[in-house]
Amino acid sequence: MSTQEKSHWTTMFRLLRFMRPLNGVMAISVTARTAKLWGATLLVAVAAAAVGKYVANPTSAELWSATGWLVLGAFGLGLSHYIEQFTGHYVAFRLLAMLRNEFYERLEPLAPAGMGTLRTGDAISRVINDCERVEPFYAHTIAPAICAVVVPASLLGWLYAIHPAFALTLLPFMLFMLVALPLLIAVIGGSGDDQWRRTQGEVNAFLTDSFQGLRDTLAFGAGARRRQEARRLGEELGRGQDKLTRADAFQRGVTELVVAAAAVAMLVVGQDLAQSGAIDVLRDLPVVFAIAVTSFGAMIGLNNVINDYRVSIVCADRLFEIMDQEPAVKDRSKGSLGKLQPALVFDNVQFGYQAGNPILKGISFDLAAGEHVALVGTSGAGKSTIVNLLLRFWDTTGGDIRIGGRPIADLPLEDLRNLVAVVSQRNYVFNTTIGDNIRMGKPEATEAEVDRAARRANLKTWIDSLPAGYETPVGEMGSKISGGQRQRLAIARALLKDSPILILDEATSNLDVETEREVNAAIRELQAGRTTLTIAHRLSTVQNADRILVLEQGRVVEQGRHAQLLAKGGVYARIFELQQDEVDALLDTGGPLPA
């Protein structure tokens, strides 16, 4: 058995274990399907036997008796089909909901450190499309697989009771359908299912990138290259689909041939037995022919879903591939949070996103409760990394971070992140209303609390001017509002969250001077009474901080107040001078000031 086959069996048993809470409902579905398949055979057999009896005794009583049995059988057949479909899909849809929930619960702790190279479009493809493609395993595979063995075996017993020759004649055809044909389909389909699903994930990721980057694609004339890549992915997707289609066409064609051959073989054997007097032509032969034709229904039902089954297993593998990853950051909380002073300590903190490439090389600093400290430095100095470590998006590779004297690794993750509010340069605005976006800070907030946060963030006047007020949609990624409004929305969130520790990560970058002034007014309101860590590239935004820490190449090289650092004539003074020179040059040329 190959590694891939072992993986398929492992995944199948894992899906079956996942079904345990609904095993009882699935048992009802299997029973109903068995009754339906038996009913279909009985219906044809009764009709065939009735014809034989009517030929032997053409009376109206025989005709009405057969009609009554057929009506009753048809009703039972319809009822069993309904029960099978209802219960099978009941199991499938509830398990899919459970699977999506578990997938998200496993995915959330992976972000952002454990997401690795998983692209947004591929992640969406897994949680939506791959989950949907697991549905046939529960709704259309389990019951057919059981019935494909149980029903033919019982029908062979019926044929054996009529005459052993019939059972022995039909047995090879059944074995071919049950064993040989699925193997042939697997060989012809090859890796088409795996190739198709993985390429579909790439296509979804490509489309997500294309939609989000459409403006830049047009601006840089990259449309032709993107179209060429789309065609390549489409052709690759088509090749995987072709393999599945060929396998499906082969299966259906061979199935028709086998059923026809089995019927002919049974008629030949029946003719010989009838001529020898071993069976009654009018009584037995129609029933035997009915069984021969309908007994393949269970196996056809299974073979028709083999490709769906293989795709389901591949999709489940893609889901489990993510769900089985160990979170890079684990909640190792020890006891309750208790009451902590919002004081921060970074003690010889070391970290690198990749082994052998350290970003922080022994950072040490502290913030007293209520103090405002600024972190400045050139790009790549490690400023934003400090925020990632404080929120435990990643764990340090050395040293320790403490809040109120307790290592953050000992705090419950949810409580730790509730202690900190972040306003960054890349605040995500969800495609919903203004009110819902503000409530991200506190989902259970009252209208009065939301209104107060908006007022303090200098949003109230603008919101009141909108016809829909707080119910105004902001568009995808905040496309319907300005950059300054997005920043003030983020500030309103932080105000509503009311955390004792505030992180301002380049919160006013990419804003014009007037908008920056408005946002800074909201930030001053937000900072009141909070321990604040400001990360900034522009030194003009941090001159009023209680202390300024200067980072260079992963280390704190200077600290002090603005005037003290200028007087030292070190790194801070050099950066300040460069930025002032840039401003002076722009003023001389009449250009806009840097955002």
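Higher on the page you've got the structure.
Described in the following lines is the structure provided in the data block. Small disclaimer: the values here were computed from a predicted structure and weren't measured. (Residues numbered from 1 in each chain as written. Predicted model: local features only at pLDDT ≥ 70, side-chain atom pairs only at ≥ 80, totals over all residues. Heavy atoms only, no water.)

A separate point is the nonpolar core. By size, the foremost hydrophobic cluster in this structure holds 69 residues, and its most contacted members are Val134, Tyr138, Leu159 and Phe296. Considering each element in turn, this core owes the most residues, 10 residues, to helix α9 (residues 223-275). Val349, Leu367, Ile535 and Leu549 belong to the second-largest nonpolar core, a separate cluster that totals 33 residues. (Core = buried A, V, L, I, M, F, W, Y, C linked by side-chain atoms within 4.5 Å. Buried < 20%, exposed > 50% of the residue type's maximum accessible area, 1.4 Å probe, protein only. Helix = DSSP H or I, 4+ residues; strand = E, 2+ residues; numbered from the N terminus.)

Attention now goes to the environment of Ala445. Among the secondary structure elements, Ala445 is positioned in the loop between α15 (434-438) and α16 (447-456). On the basis of relative accessibility, which here comes to 7%, the residue Ala445 falls in the buried class. Taking the C-alpha atoms as reference, Ala445 lies 9.3 Å from Lys497; in sequence the two are 52 residues apart. Leave out the neighbours within four places in its chain, and Ala445 touches Arg439, Val450 and Leu496. (Contact = heavy atoms within 4.5 Å.)

Right, let's talk about α16 for a bit. Each α-helix winds once per 3.6 residues, and so residues spaced three or four apart point in a common direction. Inspection of α16 places Val450, Asp451, Ala453 and Ala454 among the buried residues, and these make up the whole buried set. Buried residues of α16 fall within an arc of 160 degrees about the axis and therefore sit on the same side. α16 presents Ala448 and Arg452 as exposed residues on the side facing more than 90 degrees away from its buried surface. Structurally, α16 contributes buried residues whose contacts are with α15, α17 (460-465) and α18 (483-497). Downstream of α16 by one or two residues, Asn458 has phi in the positive range, about 60 degrees. (Arc of directions from axis to C-beta.)

Moving on to the pattern of salt bridges. One pass over the full model with this rule turns up 17 salt bridges. Residue Arg392 pairs with Asp395 through a salt bridge whose shortest N-O separation is 2.8 Å. The partly exposed category is assigned to Asp395, whose relative accessible area is 22%. (Salt bridge = Lys/Arg side-chain N within 4 Å of Asp/Glu carboxyl O.)

A word on the packing of helix α5 (residues 142-162) against helix α10 (residues 281-294). Put simply, α5 and α10 touch, their axes get as near as 11 Å, and they point 160 degrees apart. The orientation of α5 relative to α10 falls into the category roughly antiparallel. By crossing handedness, the relation of α5 to α10 is classed as left-handed. Note on element contacts: α10 touches α5 through Asp284, Val287, Val288 and Ile291, opposite Leu155, Trp158, Leu159 and Ile162. Classifying every residue of the contact of α5 with α10 gives seven nonpolar, no polar and one charged. (Axes fitted to C-alpha atoms, helices over the stretch in contact; angles between N-to-C directions. Parallel < 35°, antiparallel > 145°, perpendicular 65-115°, else oblique. Left-handed = near helix turned anticlockwise from the far one by under 90°. Nonpolar A, V, L, I, M, F, W, Y, C, P; charged D, E, K, R; others polar.)

Moving on to the pairing of strand β6 (residues 420-424). Within a regular strand, the side chains alternate between the two sheet faces. Counting buried positions over the five residues of β6 gives four, a clear majority of the element. Relative to strand β7 (residues 501-505), β6 runs parallel, the two sharing five bridges. Looking across to β7, one finds that Ala421 is bridged to Leu502. (Pairing = 2+ DSSP bridges.)

Taken in spatial order, the six strands make up an open sheet running β6-β7-β8-β3-β9-β10, and their pairing is mixed. Each of the sheet's edge strands pairs with one partner strand only, and the pair in question is β6 and β10 (555-560). Shown here is a sheet whose adjacent strand axes are inclined to one another by a mean of 20 degrees, direction ignored. Relative to β10, strand β9 (residues 547-552) runs antiparallel, the two being bridged by five bridges. Looking across to β10, one finds that Leu549 is bridged to Gln559. Each of β3 (372-377), β7, β8 (531-536) and β9 touches helix α13 (residues 383-390); the most contacted strand, β8, lies at about 145 degrees to it.

Let us now look at the sheet that holds strand β5 (residues 406-407). The strand order across the open sheet formed by four strands is β2-β1-β4-β5, and the pairing between neighbours is antiparallel. Among the strands making up the open sheet, the edge pair consists of β2 (360-367) and β5. Its contacts with the sheet place α13 against β1 (344-351), β2 and β4 (398-403), and it is angled at close to 110 degrees to β1.

As a further point, take α9. Between its first and last C-alpha, α9 extends 77 Å over 53 residues, near the 78 Å set by a 1.5 Å rise per residue. Immediately downstream of α9, the backbone of Gly277 shows phi near 80 degrees, a positive value. (Expected span 1.5 Å × (residues − 1).)

With respect to the helices, strands and loops of the structure, His89 is situated in helix α3 (residues 60-107). Of the polar contacts made by the side chain of His89, one reaches the backbone oxygen of Gln85; its length is 2.9 Å. Apart from residues lying up to four places away in sequence, His89 is in contact with Glu135, Ala139 and His140. (Polar contact = N/O pair within 3.5 Å; in protein donor to acceptor, adjacent residues only side chain to side chain.)

Take the packing of aromatic side chains next. Across all of its chains, the model carries 10 aromatic pairs by this definition. Seen in terms of ring centroids, Tyr82 and Phe86 are 6.1 Å apart; in terms of plane orientation they differ by 20 degrees. Their pairing is stacked. Pair noted here: Tyr82 and Phe86 are both in helix α3, with a separation of four residues, about one helical turn. Considering the side-chain rings of Tyr428 and Phe430, the 4.9 Å spacing of their centres and the 70 degrees angle between planes classify their relative orientation as edge-to-face. The partly exposed category is assigned to Phe430, whose relative accessible area is 37%. An aromatic cluster is defined as three or more aromatic residues linked by ring pairs; in this entry it consists of Tyr82, Phe86 and Tyr90. For the cation-ring pair, Arg14 lies above Phe320, with the distance from its terminal atom to the ring centre recorded as 3.8 Å. (Phe/Tyr/Trp six-rings, centres within 6.5 Å; stacked < 30°, edge-to-face > 60°. Lys NZ or Arg CZ within 6 Å of the ring centre and 35° of its normal.)

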